[in-house]
Amino acid sequence: MESEKYFIGKEGKEIFITITVSTHGIATTEVKLFQDGNINNKGTSTNGAGLISKTSLGIDSKLDGATLKIETDIVLTKVPKSVWENCFKNLEINYFLEGGKPNQKSPLEVLSFEKKKSTSGETIVVTKRIDLLFE
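Residues numbered from 1 in each chain as written. Predicted model: local features only at pLDDT ≥ 70, side-chain atom pairs only at ≥ 80, totals over all residues. Heavy atoms only, no water.

K.L.:
Help me out: how do you make sense of the pattern of salt bridges in this one?
P.N.:
Side chains that carry opposite charge are capable of pairing whenever their charged atoms lie near each other. Counted under the stated rule, the structure contains six salt bridges. Of the charged contacts, one joins Lys128 and Glu4 as a salt bridge, the two residues approaching to 2.2 Å between their closest N and O atoms. Placement of the pair is Lys128 in strand 10 (residues 123-134) and Glu4 in strand 1 (residues 4-8), with a sequence separation of 124 residues. Assessed through its relative accessible area of 16%, Glu4 is described here as buried. Between Lys128 and Glu114 there is a salt bridge, and its shortest N-O distance comes to 3.0 Å. Linking Lys128 in strand 10 with Glu114 in the loop between strand 8 (108-109) and strand 9 (115-117), this pair joins segments that are 14 residues apart in sequence. Neither Lys128 nor Glu114 differs from the other in exposure class; each is buried. Put simply, Glu4, Glu114 and Lys128 are held in one network by salt bridges that share partners. (Salt bridge = Lys/Arg side-chain N within 4 Å of Asp/Glu carboxyl O. Helix = DSSP H or I, 4+ residues; strand = E, 2+ residues; numbered from the N terminus. Buried < 20%, exposed > 50% of the residue type's maximum accessible area, 1.4 Å probe, protein only.)

So, in structure tokens, the structure goes:
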């Protein structure tokens, strides 16, 4: 799966992520950091909206080559079936990264190949990968 890139420095700055989900369904988001063969859970939403408040990923100089895998599951059970397709088409998730190199795209958004829906259309799964790289 293709990853987006977020460029970081070696200045000892803390890198943060914030995630917002715009949907009418019940959303849960998990943030995992893959680095040096290890997987670290960096956050799980608990509010049904998929929101991850500003969360530290660590210090830039220690994150080179790490990959963020962010998975958001959205269940549309409480939404009328007639709007499920619109929920999928118009899904908006914003990934705000802070502390890296200036003038990078912000927020990163969901790309079409990152989202899938269940056969029934009742569940949407989004998997976003972001590589953290020294520039």
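That covers the picture; the talk isn't over yet.
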